[in-house]
Amino acid sequence: MPLETTSETAETAATVAGATPAGPGSRTEARERAARNRRLTVYAARIAVLAAFLGLWEACARTEVIDPFNFSQPSRIWDQIWQWITHGTAQGSLGEQIGYTLYEALTGWVIGVVGGVLLGIALGRIRFLADVFGPYVKVLNAIPRIVLAPIFLIWFGLGPASKVASAVVLVFFPVFFNAFQGAREVDRNLVANARILGADNRRVTLQVVIPAATTWIFTSLHVSFGFALIGAIVGEYIGATKGLGLMVAAAQGTFNSAGVYAAMTILAVVALLTEGLLTFAEKRLFRWKPADAGDGR
């Protein structure tokens, strides 16, 4: 009888207070709500920082604290972008220039990534190849690769091939070293267990080494696409018939600082969109991975 009375009293108190026991579901919802609120706060802070920077830039240019001829101002940059959107550029439509540069960067990026992954894993798995080709890779990596752009221009002409080659050499080495290190860092116990189960070298590489190195490879992809854009832009800046790099060179030749900043802004937007797509693909592929310690906090 006392036990029943105590239970009824507890239920009545909980009902009066309107409280419900916190279960796993409510804790999960609370964490998701906190993570969502944090993301919104981060996005709002980013927008506030950008707005403050642009506002300060505009105010300094209008009051001539900085020289608007050299530094331009956000309103002029937007006017230049809008003019390109509505009336096109001297080289053609704005979409054509963006597409041309993206084609060169993406082509060079794909070639550089495939070559870097294949050679990185091959040298990481076969020590003899690493010993033979290691010094040559280090020497080539030590060469300032941007200076190769004029050589590629001489070899391949003003067309996209020279820009693709510039993108390839910039992309290859970051991907190669990450793939090489990823192949070297594979847990030896996993490899040993696979061999005990009867896996040959090919199956070990395909089913153990490559999946284990995928995280290393994806880490390099984020950086390497930016390098691909740099390679394409530098090649176009030196000599081209189309592209954002040519637009930068043309704007610089006419002392149009707004045009230079406008082309750089468009390039930054393209890079951010591509980075977002890579991040989305990485999250889809690595949904099994636990979130970082700082995520959602």
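Because the structure is predicted, anything quoted here is derived from the model rather than measured.

Thresholds applied
Residues numbered from 1 in each chain as written. Predicted model: local features only at pLDDT ≥ 70, side-chain atom pairs only at ≥ 80, totals over all residues. Heavy atoms only, no water. Patch = residues over 30% accessible without salt bridge, like charges linked within 9 Å, V, L, I, M, F, W, Y side chains within 5 Å. Areas by Shrake-Rupley, 256 points an atom, 1.4 Å probe, with all protein chains shown as cover. Salt bridge = Lys/Arg side-chain N within 4 Å of Asp/Glu carboxyl O. Lys, Arg positive; Asp, Glu negative; His and termini not counted. Charge placed at Lys NZ, Arg CZ, Asp CG, Glu CD. Helix = DSSP H or I, 4+ residues; strand = E, 2+ residues; numbered from the N terminus. Buried < 20%, exposed > 50% of the residue type's maximum accessible area, 1.4 Å probe, protein only. Core = buried A, V, L, I, M, F, W, Y, C linked by side-chain atoms within 4.5 Å. Contact = heavy atoms within 4.5 Å. pLDDT = per-residue confidence, 0-100.

Description of a positive patch on the surface
On the surface, a cluster of positive charge is made up of Arg 33, Arg 36, Arg 39 and Lys 283. Here Lys 283 shows up in helix 12 (residues 257–285).

A few points about a nonpolar patch on the surface
A surface patch of nonpolar side chains, about 530 Å² in accessible area, is lined by Ile 126, Phe 128, Val 132, Phe 133 and Tyr 136. Here Phe 133 is to be found in helix 6 (residues 127–142). Classification of Phe 133 by relative accessible area gives partly exposed; the value is 41%.

Some remarks on helix 11 (residues 244–253)
Residues of helix 11 that are buried: Leu 244, Gly 245, Leu 246, Met 247, Val 248 and Ala 251. Following helix 11 by one or two positions, Phe 255 adopts a phi angle in the positive range, close to 55°.

Some details on the nonpolar core
For soluble globular proteins, nonpolar side chains are generally found buried alongside one another. Counting 22 residues, the largest nonpolar core has Trp 109, Val 113 and Ile 217 as the members making the most contacts within it. Residue assignment for this core shows that the elements contributing at least two residues are helix 5 (94–125), helix 8 (160–184) and helix 10 (201–238). Among the elements that make up this core, the one with the highest residue count is helix 10 (10 residues). Those residues in contact with Val 113 that lie beyond four places of it in its chain are Val 171, Val 175, Leu 221 and Ser 224. Ranked by size, the runner-up nonpolar core spans 15 residues in total, among them Trp 57, Ile 81, Leu 244 and Val 248.

Brief notes about the side chain of Ser 166
Summarising the element assignment, Ser 166 is placed in helix 8. Ignoring anything within four residues of it in the chain, the contact list for Ser 166 reads Ala 149, Phe 152 and Gly 231.

What about the confidence of the model for the protein?
Per-residue confidence for the protein gives a mean pLDDT of 81, with 81% of residues at or over 70. Across the protein, the secondary-structure element scoring lowest on mean pLDDT is helix 1 (residues 2–17), at 47, and the one scoring highest is helix 4 (residues 74–87), at 91. Note on residues 1–7: pLDDT under 50 across the span, and 0 contacts to partners over four residues away in sequence or across chains. Every residue in residues 10–21 is under pLDDT 50, and counting partners more than four places away or in other chains gives 1 contact.

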